[in-house]
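Spelled out from the first residue to the last, the chains are:
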Amino acid sequence: MGSVAEEVLRRRLPGYRIVRHTVPGIKDLPGAAKRILSMGCEGVITLGWVGRREADKLSYLAASVGLIMVEVLTGKIVIDVTVHEDEAEAPEELAAIAVDRARKHAENLAALIREGPEALVKHAGMGLRQGYPDAGPIK
Amino acid sequence: MGSVAEEVLRRRLPGYRIVRHTVPGIKDLPGAAKRILSMGCEGVITLGWVGRREADKLSYLAASVGLIMVEVLTGKIVIDVTVHEDEAEAPEELAAIAVDRARKHAENLAALIREGPEALVKHAGMGLRQGYPDAGPIK
Amino acid sequence: MGSVAEEVLRRRLPGYRIVRHTVPGIKDLPGAAKRILSMGCEGVITLGWVGRREADKLSYLAASVGLIMVEVLTGKIVIDVTVHEDEAEAPEELAAIAVDRARKHAENLAALIREGPEALVKHAGMGLRQGYPDAGPIK
Amino acid sequence: MGSVAEEVLRRRLPGYRIVRHTVPGIKDLPGAAKRILSMGCEGVITLGWVGRREADKLSYLAASVGLIMVEVLTGKIVIDVTVHEDEAEAPEELAAIAVDRARKHAENLAALIREGPEALVKHAGMGLRQGYPDAGPIK
Amino acid sequence: MGSVAEEVLRRRLPGYRIVRHTVPGIKDLPGAAKRILSMGCEGVITLGWVGRREADKLSYLAASVGLIMVEVLTGKIVIDVTVHEDEAEAPEELAAIAVDRARKHAENLAALIREGPEALVKHAGMGLRQGYPDAGPIK
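Rules used throughout
Throughout, a residue's number is its position along its own chain's written sequence, starting from 1. All chains are assigned letters beginning with A, and all ligands numbers beginning with 1, in the order in which they are written. This being a predicted model, a pLDDT of at least 70 is required before a residue's local features are given, and a value of 80 or more before pairs of side-chain atoms are given or counted; all residues contribute to the totals for chains, interfaces and linings. With hydrogens and water set aside, each side-chain value is computed from the structure's full complement of heavy atoms. Exposure classes here rest on a 1.4 Å probe applied to the protein chains alone. A residue is buried below 20% of its type maximum, exposed above 50%, and partly exposed in between. Counting from the N terminus, the helices are DSSP H or I runs at least four residues long and the strands are E runs at least two residues long. Should DSSP find at least two bridges between two strands, the strands are regarded as paired. With its strands directed away from the observer, a crossover is right-handed exactly when the path from the first strand over the helix to the second travels clockwise. Contact definition: two residues touch when any of their heavy atoms are within 4.5 Å. When two parts are brought into contact, each loses some accessible area as probed by a 1.4 Å sphere; the total of that loss over both is the buried area. Salt bridges are counted wherever a side-chain nitrogen of Lys or Arg sits within 4 Å of a carboxyl oxygen of Asp or Glu. Here a polar contact is taken to be a pair of N or O atoms separated by no more than 3.5 Å, where protein atoms must pair a possible hydrogen donor with a possible acceptor and residues adjacent in sequence count only if both atoms sit in side chains. When the copies are superposed, the least-squares fit takes in the C-alpha atoms of residues with a pLDDT of at least 70 in both. This arc corresponds to the set of directions leading from the helix axis out to the C-beta atoms. For this classification, Asp, Glu, Lys and Arg are treated as charged, while Ala, Val, Leu, Ile, Met, Phe, Trp, Tyr, Cys and Pro are nonpolar and the rest, including Gly, are polar.

## Examining the pairing of strand β2 (residues 77-84) of chain A
Residue and element names in this part refer to chain A. Among the eight residues that make up β2, eight are buried, leaving the element largely enclosed by the rest of the structure. Alternating positions in β2 separate into two faces, I77, I79, V81 and V83 on one and V78, D80, T82 and H84 on the other, with burial throughout. The pairing of strand β1 (residues 43-50) with β2 spans eight bridges and is parallel. Its bridge partner being in β2, L47 is matched across the sheet by V81. In this view, the connection linking β1 to its parallel neighbour β2 by way of helix α3 (residues 54-74) has right-handed handedness.

Rendered as structure tokens:
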């Protein structure tokens with residue numbers, strides 16, 4: 001996921017410095033995101049893998065609350081992308097979801113940074129999905 | 001949902017500037033709400049769609065905590081409207097809930113902004129529901 | 001519930017100004033409590049109705065965390081009263097719980113404001129219940 | 001539980017002023033802890049009773065997050081002791097758990113205040129339990 | 001777990017002062033981590049044991065949110081290591097998980113402190129597991 005997102009950001013944001021960190025587990029994402037934003041970055045995309053156990057789900061919740069806290073406290077964009085192991089049975093299917101989701105959300109981050117907060121209005125209610133085929137607009 | 005809410009706000013708050021943003025997912029709502037309020041807006045209505053999976057419910061919880069945090073930290077009004085996919089089976093029923101709820105809560109936001117915090121006292125305990133027919137007062 | 005609590009507070013706190021707000025949903029309680037305390041109030045009692053769906057329970061959790069956050073950040077008293085629809089089957093029973101609980105917690109708020117934080121020590125461990133008959137002391 | 005903890009603290013911390021407050025419900029613990037610490041106290045032990053319903057569990061979670069927030073924001077010690085009604089069937093057994101746990105954690109608080117943060121290192125991994133017989137060290 | 005982590009940190013971080021605290025329960029970890037960081041430490045590894053009961057899981061969640069809050073507020077590294085009793089049936093298996101996880105995460109902490117935040121990028125997506133054999137890279 002990291003390489004996919006990094007490639008999109010480098011392509012879509014020429015002239016920007018792209019910084020990449022790796023953390024031991026998903027609960028370490030908010031702290032790392034905060035440190036990256038404190039370095040002066042304009043936005044962060046975090047990529048996390050969430051296991052099937054109850055503890056994994058609770059860790060996901062804690063990490064999500066933390067990432068939102070970072071976004072609220074810094075005022076900067078943090079896009080929090082996760083793949084949950086129970087989204088699919090086959091490993092290759094999970095990998096495909098991960099790649100698709102990382103790519104589409106990296107595109108979202110690049111658009112928000114390049115074009116500002118109204119960049120995605122044209123996509124609202126179109127049933128766009130990350131990791132899956134688009135669901136289409138609400139009829 | 002966005003167009004419905006926007007139309008109500010434009011009609012009920014003539015003279016106000018209405019700003020509309022779109023975010024990649026519901027967990028991005030608190031950060032965006034914070035940025036919108038920092039631009040000087042008096043209030044925000046957020047519209048979110050919540051899937052059926054456990055991860056969606058946890059994301060809903062994280063987003064809700066974040067939006068409350070934004071409201072507490074800024075002192076401004078944030079009305080957090082969501083439709084949960086498990087509220088109904090038929091897509092058209094879900095769409096009707098979404099439209100009704102967006103409309104009624106946009107009316108609430110407009111009333112709170114126009115008339116101040118006591119605007120809704122007359123509705124208390126009347127069993128008003130957003131997205132469904134009103135339940136009626138507690139007897 | 002609002003009228004019951006208001007009546008108790010007016011009777012027990014003569015000379016105080018009692019302010020009453022109504023919010024669209026329970027997740028709006030923390031923001032409103034914060035705004036009321038910022039107006040100079042010494043304490044707040046919030047009254048919320050919690051549905052049976054999972055989303056309602058998660059909203060209850062988010063609202064509770066938010067109200068605690070308000071209390072911690074302001075240093076003032078916030079008593080958070082809720083009635084959960086799954087506490088009883090019959091509507092009249094639910095209404096009785098709501099009235100009893102609102103009344104007893106309004107008494108608690110009035111006592112804490114009048115007599116200070118040690119006002120309730122005499123009640124500790126006595127099995128007092130709000131919304132139900134008292135359970136009696138632990139033997 | 002309150003009397004047991006109070007007796008331990010008075011015996012172990014001679015020369016200290018011991019303050020005791022009572023709150024309407026467990027969700028009121030964080031706010032009260034914050035107010036007590038703002039009075040200048042060095043530490044707080046909170047004693048809470050948690051019912052069997054889902055709402056009680058969610059209230060426990062909200063209260064726990066709040067107490068941790070108080071500890072993080074103040075830098076002072078807050079020991080959060082609870083007894084859950086589903087820990088035992090017989091009321092006398094529950095009462096025994098409550099007394100044992102309140103006593104042992106009051107001893108912990110007194111040791112941390114008297115001897116500083118390294119006071120409990122000798123107990124690490126020894127399987128000490130509060131409310132139950134000790135489990136013994138991990139072999 | 002404490003001794004294992006301490007030994008790794010002493011070996012990998014010669015010249016550093018290593019401080020070790022013990023807390024009564026996992027909910028006390030965030031407050032203690034905050035106090036240790038306020039003493040001037042560069043990072044913290046916390047080691048927690050999580051029981052099988054629902055209350056234990058909720059305590060795990062509260063502690064996780066608190067530790068993330070500490071990391072976000074201080075900007076320093078907090079690695080939160082836990083072993084859940086339901087990860088294995090046999091006590092010796094649980095003990096082996098605990099030792100392996102404490103050791104590997106202490107190595108992570110030492111690397112992040114010695115080499116800075118990009119220390120772990122080479123491990124990303126390699127399926128490294130703490131407490132279990134590595135899962136291998138995503139194919």
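## Comments concerning the interface of chain B and chain A
With 26 residues of chain B at the interface, the matching set in chain A holds 31 residues. Between chain B and chain A lies a buried interface of about 2400 Å² when both sides are counted; carbon and sulfur atoms form 65% of it. For the pair chain B and chain A, the interface holds three salt bridges. Between E87 of chain A and R53 of chain B there is a salt bridge, with its nearest N and O atoms 3.4 Å apart. For the pair chain B and chain A, the interface holds eight residue pairs in polar contact (both at pLDDT 80 or more). Mapped by element, the contributors of at least two residues to the side of chain B that touches chain A are α2 (29-38) and α3 (54-74) of chain B. The greatest single-element share of the side of chain B that touches chain A, amounting to 11 residues, is contributed by α3 of chain B.

## Structural notes on the relation of the copies chain C and chain D
Expressed as a screw transformation, the operator carrying chain C onto chain D has a rotation angle of 72 degrees and an axial translation of 0.0 Å, and the superposed copies differ by an RMSD of 0.0 Å. These values place the two chain copies in the arrangement generated by a five-fold rotation axis. Using C-alpha coordinates, one finds that chain C approaches the rotation axis most closely at V65 of chain C, a distance of 6.3 Å. Little of the interface of chain C is mirrored in chain D, where only 10% of its interface residues again form contacts.

## Digging into the arrangement of the chains
Across the gap from chain B to chain E, with no contact made, the nearest C-alpha atoms are 11 Å apart. Chain C shows no contact with chain E. Their nearest C-alpha atoms sit 11 Å apart.

## A word on helix α1 (residues 2-12) of chain C
Residues and elements named next belong to chain C. Among all positions in α1, only G2, A5, V8 and L9 are buried. Along the axis of α1, the buried positions cluster into a sector of 135 degrees, meaning they face one direction only. Residues of α1 that are buried sit in contact with β1 (43-50) and α4 (91-115).

## Some thoughts on the interface of chain C and chain D
With 31 residues of chain C in contact, the opposing surface of chain D contributes 26 residues. Where chain C meets chain D, there are three salt bridges. Across the pair D80 of chain C and K27 of chain D runs a salt bridge whose closest N-O atoms are separated by 2.6 Å. Applying the counting rule to chain C against chain D returns eight residue pairs in polar contact (both at pLDDT 80 or more). With 10 residues, helix α3 (residues 54-74) of chain C is the single largest residue contributor to the side of chain C that touches chain D. Considered class by class, the residues forming the side of chain C that touches chain D number 17 nonpolar, seven polar and seven charged.

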